[in-house]
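Spelled out, the chains give:
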Protein chains: 2
Amino acid sequence: MRPRDQHKQAALIEATLHQVTEHGFGATSVARIARQANISPGTVYIYYRDKDTLLEATFLHVSDRLIDTVLAAFTPRTALREALRDALGAVWRALFALALEQPRLFRFHEQFTHSSRMQPALQERNEARLAPLLEALEQGQRAGLIKPVGLELIEAFLFRPIHSLIHGHSCRPFTPTPEAIDSAFAMAWDAIALSPASPLARSDS
Amino acid sequence: MRPRDQHKQAALIEATLHQVTEHGFGATSVARIARQANISPGTVYIYYRDKDTLLEATFLHVSDRLIDTVLAAFTPRTALREALRDALGAVWRALFALALEQPRLFRFHEQFTHSSRMQPALQERNEARLAPLLEALEQGQRAGLIKPVGLELIEAFLFRPIHSLIHGHSCRPFTPTPEAIDSAFAMAWDAIALSPASPLARSDS
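Thresholds applied
- Residues numbered from 1 in each chain as written.
- Chains lettered and ligands numbered in written order.
- Predicted model: local features only at pLDDT ≥ 70, side-chain atom pairs only at ≥ 80, totals over all residues.
- Heavy atoms only, no water.
- Helix = DSSP H or I, 4+ residues; strand = E, 2+ residues; numbered from the N terminus.
- Buried < 20%, exposed > 50% of the residue type's maximum accessible area, 1.4 Å probe, protein only.
- Contact = heavy atoms within 4.5 Å.
- Salt bridge = Lys/Arg side-chain N within 4 Å of Asp/Glu carboxyl O.
- Polar contact = N/O pair within 3.5 Å; in protein donor to acceptor, adjacent residues only side chain to side chain.
- Least-squares fit on C-alpha atoms with pLDDT ≥ 70 in both.
- Expected span 1.5 Å × (residues − 1).
- Axes fitted to C-alpha atoms, helices over the stretch in contact; angles between N-to-C directions.
- Parallel < 35°, antiparallel > 145°, perpendicular 65-115°, else oblique.
- Left-handed = near helix turned anticlockwise from the far one by under 90°.
- Nonpolar A, V, L, I, M, F, W, Y, C, P; charged D, E, K, R; others polar.
- Phe/Tyr/Trp six-rings, centres within 6.5 Å; stacked < 30°, edge-to-face > 60°.
- Lys NZ or Arg CZ within 6 Å of the ring centre and 35° of its normal.
- Core = buried A, V, L, I, M, F, W, Y, C linked by side-chain atoms within 4.5 Å.
- pLDDT = per-residue confidence, 0-100.

**A look at the overall build of chain A**
Secondary structure assignment for chain A yields 11 helices and 0 strands. Ordered by position in the sequence, the α and β elements of chain A form the string α-α-α-α-α-α-α-α-α-α-α. With respect to the principal axes defined by its C-alpha atoms, chain A has extents near 65 × 35 × 30 Å. Burial statistics for chain A: of 205 residues in total, 50% are counted as buried.

Rendered as structure tokens:
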């Protein structure tokens, strides 16, 4: 079945996502992507100048799926410890649900961001979209609720474990029951939160 | 330069490590490994029956490098919170130093354990070698020092961040100063530790 024209871009992005997460960037050719999308290789170049352009378009599509999920779940309320914890917990659970439903999105995002294809302009574009979350985290740091560490450490303990728990299932199974997801978020929160007992923590929260 | 005979196995394992972390399992052929090791493909089969056997031997070599590093750094002292924290901190710092020096070991380990090549027997073999650490973690859980969660969650927050911080440098740089490594370990410890204020925590520590 030949996809309708307006669906061709979506089919190409879906096929790219599948091919790259299955076979890697090197083994993924435009011909292979076109074959899976049931589109002639010549037609691909009407939509995307070359393989790199198609890969970047797929990355932006994947990024927007993740960022839209974060923003839809996030309510910036950073004044109090419990409110910030709950707001980040809602983001965590929404991302976990998406990761369970569409693990390829996370795998592609990981592969792309850790490749030489990841350009500073793409990073800046995504961080601009994520500004409400990033600002709330910084505000939480200024308020003494979150440890005064770099964003790469916040990311490594708050969001990357979602990926490793979902992706790592073949090694040691993580069964994503609601209780296990709650336990995992409690660990992520404890990693990034300043203990109320810490001398750096705000005294009134 | 042709490696000496007694070095052929080491050269093959080194070449496998390089090829797999650079190009993935699919694109890595015995011919390619042999070429990098400067050994004729026919000679490879004297040492290793087939590609799968060579990949498994490489995984065991990598696993032993990681496990030896853990065991050399670890002193089981779990009776008190601070002693357990220090013992795990020593393991963390030793693994971090190895990851900085030889990131390919961690990348290969990740690729292998998350592939269909990871067999339960390999997992059991490695866990048997890691018994001193695993027993100390369980003892810490019984003593109310560590959260009562599955080992996959302990792993996701205690050890996987080492990998993601080392591997993720192209996205957002993590500069591994001693202070940054201390901050990262503090986050890992807070993730897995039961707060002394928790109703589940042991009262006398």
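**Brief notes about unusual backbone geometry**
Here N38 of chain A, not a glycine, exhibits a phi torsion of approximately 60°, which is positive. Within the secondary structure layout, N38 of chain A lies in the loop between α2 (30-37) and α3 (41-47).

**Observations concerning the interface of chain B and chain A**
Each partner contributes residues to the interface: chain B has 35 residues there, and chain A has 35 residues. Between the two partners, chain B and chain A, sit 2 salt bridges. The closest approach of N and O atoms between D190 of chain B and K147 of chain A, which form a salt bridge, is 2.6 Å. Our enumeration of links across chain B and chain A arrives at 2 residue pairs in polar contact (both at pLDDT 80 or more). For the side of chain B that touches chain A, the elements supplying multiple residues, two or more each, are α7 (120-129), α9 (151-158), α10 (160-167) and α11 (178-192) of chain B. If you tally residues by element for the side of chain B that touches chain A, the top one is α11 of chain B, at 9 residues.

**Describing the relation of the copies chain B and chain A**
Between the two copies of the chain lies a rotation about an axis combined with a shift along it. With an RMSD of 0.0 Å, chain B superimposes on chain A once it is rotated by 180° and translated 0.0 Å along the axis. Here the transformation between the copies is reduced to the relation of a two-fold axis. Taking C-alpha positions as reference, the residue of chain B nearest the rotation axis is A191 of chain B, located at 2.2 Å. With an isologous cut-off of 70% or more, the 100% of interface residues of chain B that recur at the interface of chain A puts this contact in the isologous class.

**Remarks on the side chain of Q19 of chain A**
Among the structural elements, Q19 of chain A can be located in helix α1 (residues 8-27). The exposure class of Q19 of chain A is buried, given its relative accessible area of 8%.

**Details of helix α5 (residues 81-101) of chain B**
For α5 of chain B, which comprises 21 residues, the first-to-last C-alpha distance of 30 Å matches the rise-based estimate of 30 Å (1.5 Å per residue) to within 8%. All buried positions along α5 of chain B are accounted for by R81, A83, L84, A87, L88, G89, V91, W92, L95, F96, L98 and A99 of chain B.

**Quick notes on the packing of α5 of chain B against α10 of chain B**
All names here are of chain B. Axis separation between α5 and α10 bottoms out at 10 Å; the angle between their running directions is 30°. The angle between α5 and α10 falls in the class roughly parallel. As α5 runs across α10, the sense of the crossing is right-handed. From α5, W92, L95, F96, A99 and L100 reach across to α10, where they touch P161, I162, L165 and I166. Residues that form the contact of α5 with α10 fall into these classes: 9 nonpolar, no polar and no charged.

**Some words on the packing of aromatic side chains**
All names here are of chain A. Counted according to the given criterion, the structure contains 14 aromatic pairs over all chains. Residues F25 and F112 carry aromatic rings whose centres are separated by 6.2 Å and whose planes lie at 70° to one another, so their mutual orientation is edge-to-face. Taken together, the residues F25 in helix α1 and F112 in helix α6 (residues 103-113) connect sequence positions 87 residues apart. The class for F112 is buried, based on a relative accessible area of 1%. On the numbers, 5.8 Å between centres and 55° between planes, the contact of F96 with F174 is tilted. Placement of F96 in helix α5 (residues 81-101) and of F174 in the loop between α10 (160-167) and α11 (178-192) is noted, with a sequence separation of 78 residues between them. You can call F174 buried: its relative accessible area is 9%. When the ring centre of F25 is taken as reference, the NZ or CZ atom of R117 above it lies at 4.9 Å.

**Remarks on the nonpolar core**
By size, the foremost hydrophobic cluster in this structure holds 109 residues, and its most contacted members are L88 and F157 of chain A together with L88 and F157 of chain B. Apart from the residues lying within four places of it in its own chain, the contact partners of L88 of chain A are F74, L133, L137, I146, L158, F185, W189 and I192 of chain A.

**A few points about the pattern of salt bridges**
For the structure on display, the rule yields 16 salt bridges over all chains. Between D64 of chain B and R125 of chain B there is a salt bridge, with its nearest N and O atoms 2.9 Å apart. Of this pair, D64 of chain B sits in helix α4 (residues 51-73) while R125 of chain B sits in helix α7, and the two are 61 residues apart along the sequence. Residue classification places D64 of chain B among the partly exposed residues on the basis of a relative accessible area of 21%. On the accessibility criterion, R125 of chain B (29% relative accessible area) is partly exposed. Among the ionic contacts, a cluster of salt bridges with common partners joins D64, D68, R125 and R129 of chain A.

**Here's the deal with the confidence of the model for chain A**
Residues and elements named next belong to chain A. Looking at chain A, the pLDDT average stands at 88 and 91% of residues meet or exceed 70. Averaged pLDDT values over the elements of chain A bottom out at 86 in α10 and peak at 96 in helix α4 (residues 51-73). Both scores are available for the predicted complex, with the pTM at 0.87 and the ipTM at 0.85.

**Quick notes on the packing of α1 of chain A against α2 of chain A**
All names here are of chain A. Orientation of α1 relative to α2, taken along the N-to-C sense of each, is 135°, at an axis distance of 9 Å. Here α1 is positioned oblique relative to α2, judged by the angle of their axes. Pair α1 / α2 crosses with right-handed handedness. Contact residues: α1 offers A11, L12, A15, T16, H18, Q19, H23 and A27, while α2 offers R32, I33, Q36 and A37. Partitioning the contact of α1 with α2 into residue classes produces 6 nonpolar, 5 polar and 1 charged.

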